Amino acid sequence: MNRKWYIYQWAVCLPLLDPQWASHTLGIFLCVDCSGIHRNLPEISKVKSLIMDNWDDTQVQFLASHGNIAAKAIYEAHVPVYYYRPKHTDCHVLREQWIRSKYERKEFIKPKGNISNGSKEGNLLKRGRDNGQYLPRKFFLSEIDGTLKYFTKPDAKEPKTVIRIDTVNASFQPVKMKNANGLQITYVKDNKTRNIFVYHNDGQEIVSWFNAIRSAQFSYMQIAFPKASDKEIISRLTRNFLKEGYMEKTGPKQTDGFKKRWFTLDHRRLMYFKDPLDAFAKGELFLGSSQNGYEVKPVIVPSTHGNCTWNYGISITTPERTYLFTCESESERENWLLVFKEVISQPMTVREFSVEAQFKTRS
């Protein structure tokens, strides 16, 4: 039997995305994306193609006697419950540091490895709100206080901003920020959304901050929601935005013009900004449930309505009013409709009813 055929047939049974590569030193099969990262760890992981490379009998036997399940039992034996396990769709820095933390630093082999406990301090490069320049700022995360603070000067006694950890969402934004280690920290203050954009030149350090935030949030929610399961709490930690992109929006009057805005959908909060890297949202819309009077549908935008340049309309109806948006293409409209309908199809939680009430108070 041909060795290549044997290896390939064994690999395709694994729950991996196109596993046409393998590390013959770790005994694991890899997708093409992860294989590239493993190649940067030559002292730990030696990678070969299952299709193109030659395999000797010793290497084949090593793979057959190990495999991904066995490796996971060793290298992921003690991953903290709050720790983010990247997917193949996640950005490079998250996937690279996950691989390095397992196989290079071996952080999860023993209990209580080199993992943040939710308290952390250090410098991050933060984007200025007005000039767009990234300058070093001292950040301090306290699990005990449930806050994230940053200081404009190293010797400053008072922080520039104090952020409640339960309002924070953190998501990596390498494309939008044009930085491979770019992290967007979104939080709510006075029921309004704020953004800060930070990065660190060291990928390990920025991912450490990301997981420290998750650790602090997890501890906070365990106390705030004592009856919630770990799975329920994990679902409320940092998350990627459901969708981002440009749409045009108009006001409630027939004479209101359309303006191009950058929209971000963070679960039930639809926020819009003049620029993708703005610190403050120009406005927000709460998306409730269809069971409570919310509706989303495609519409034809009358040519007499404002000065819209895009013709693919979406209307979002709330118990208070109807909002009108336009998209540049039909496919983009379908993508927005898909995520909007998914959100409003979900029943609202008690906490979400409270957020909805705050939105109504603002309006």
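Rules and cut-offs
- Starting from 1, residues in each chain are numbered consecutively following that chain's sequence as written.
- Local features in this predicted model are restricted to residues whose pLDDT is 70 or higher, and side-chain atom pairs enter the listing and the counts only when it is 80 or higher, whereas totals over whole chains, interfaces and linings include all residues.
- As a convention, hydrogens and water are excluded, and side-chain values are obtained from all of the structure's heavy atoms.
- UniProt positions are given in the numbering used here, feature names are shortened, and annotations may be inferred rather than shown by experiment.
- For every residue, the accessible area obtained with a 1.4 Å probe (protein chains only) is divided by the maximum for its type, and the residue is called buried under 20%, exposed over 50%, and partly exposed between those limits.
- Think of it this way: any DSSP run of H or I at least four residues long counts as a helix, any run of E at least two long counts as a strand, and we number them from the N terminus.
- DSSP bridges decide pairing: two strands pair if at least two such bridges lie between them.
- By convention in this document, the label disulfide applies to cysteine sulfur atom pairs within 2.5 Å.
- Think of each axis as a best-fit line through the C-alpha atoms, taken over the contacting stretch in the case of a helix, with angles from 0 to 180 degrees between the N-to-C directions.
- In this analysis, rings of Phe, Tyr and Trp, with Trp reduced to its six-membered ring, are considered paired at centre separations within 6.5 Å, and the interplanar angle assigns stacked below 30 degrees, edge-to-face beyond 60, and tilted for intermediate values.
- Only when the NZ of Lys or the CZ of Arg is both within 6 Å of the ring centre and within 35 degrees of the ring normal is a charge said to sit over the ring.

The name an unreviewed UniProt entry assigns to the chain is ArfGAP with dual PH domains 1-like, from the organism Xenopus tropicalis. The UniProt entry for the chain carries the following text under Subcellular location (unreviewed entry): "Cytoplasm".

Caption draft 1: Expanded view of the pairing of strand β13 (residues 269–273). For β13, a buried count of 5 out of 5 residues is recorded, marking the element as mostly surrounded by other parts of the structure. Of the two faces of β13, the one carrying R269, M271 and F273 and the one carrying L270 and Y272 are both buried. Direction of pairing for strand β12 (residues 259–266) relative to β13: antiparallel, over a ladder of 5 bridges. Bridge pairing links T264 to M271 in β13. Between β12 and β13, which pair antiparallel and follow one another directly, the connecting turn spans 2 residues, one of which, H267, has a positive phi of 55°.

Caption draft 2: Main features of the state of the cysteines. Going through the model one piece at a time under the given rule, you end up with 0 disulfides. Sulfur of C31: no disulfide; nearest cysteine sulfur belongs to C34 and is 3.8 Å away.

Caption draft 3: Examining the sheet that holds strand β3 (residues 47–49) more closely. Overall, antiparallel pairing links the 3 strands, which are arranged β2-β1-β3 in an open sheet. The strands lining the two open edges of the sheet, one partner per strand, are β2 (28–30) and β3. Shown here is a sheet whose adjacent strand axes are inclined to one another by a mean of 30°, direction ignored. As paired strands, strand β1 (residues 21–23) and β2 are joined by 3 bridges and run antiparallel to one another. Each bridged residue has a counterpart across the sheet, and for A22 the counterpart in β2 is F29.

Caption draft 4: Spotlight on unusual backbone geometry. One non-glycine residue, K106, lies in the positive phi region at around 50°. With respect to the element layout, K106 can be found in the loop between α5 (92–104) and β4 (120–127). Among the residues examined, K106 registers a relative accessible area of 47% and is labelled partly exposed. A positive phi angle is found at H267, which is not glycine, with a value near 55°. Tracing the sequence through the fold places H267 in the loop between β12 and β13. Taking relative accessible area as the criterion, H267 reaches 27% and is therefore assigned partly exposed.

Caption draft 5: The packing of aromatic side chains, seen in detail. Taken as a whole and assessed by the stated rule, the structure comprises 15 aromatic pairs. Residues F139 and W209 carry aromatic rings whose centres are separated by 6.3 Å and whose planes lie at 70° to one another, so their mutual orientation is edge-to-face. Of this pair, F139 sits in strand β5 (residues 134–142) while W209 is found in helix α7 (residues 203–224), placing the two residues 70 residues apart along the sequence. Here W209 falls in the buried class, since its relative accessible area comes to 2%. Over the aromatic face of W55 sits the side chain of K48, whose NZ or CZ is 5.6 Å from the ring centroid.

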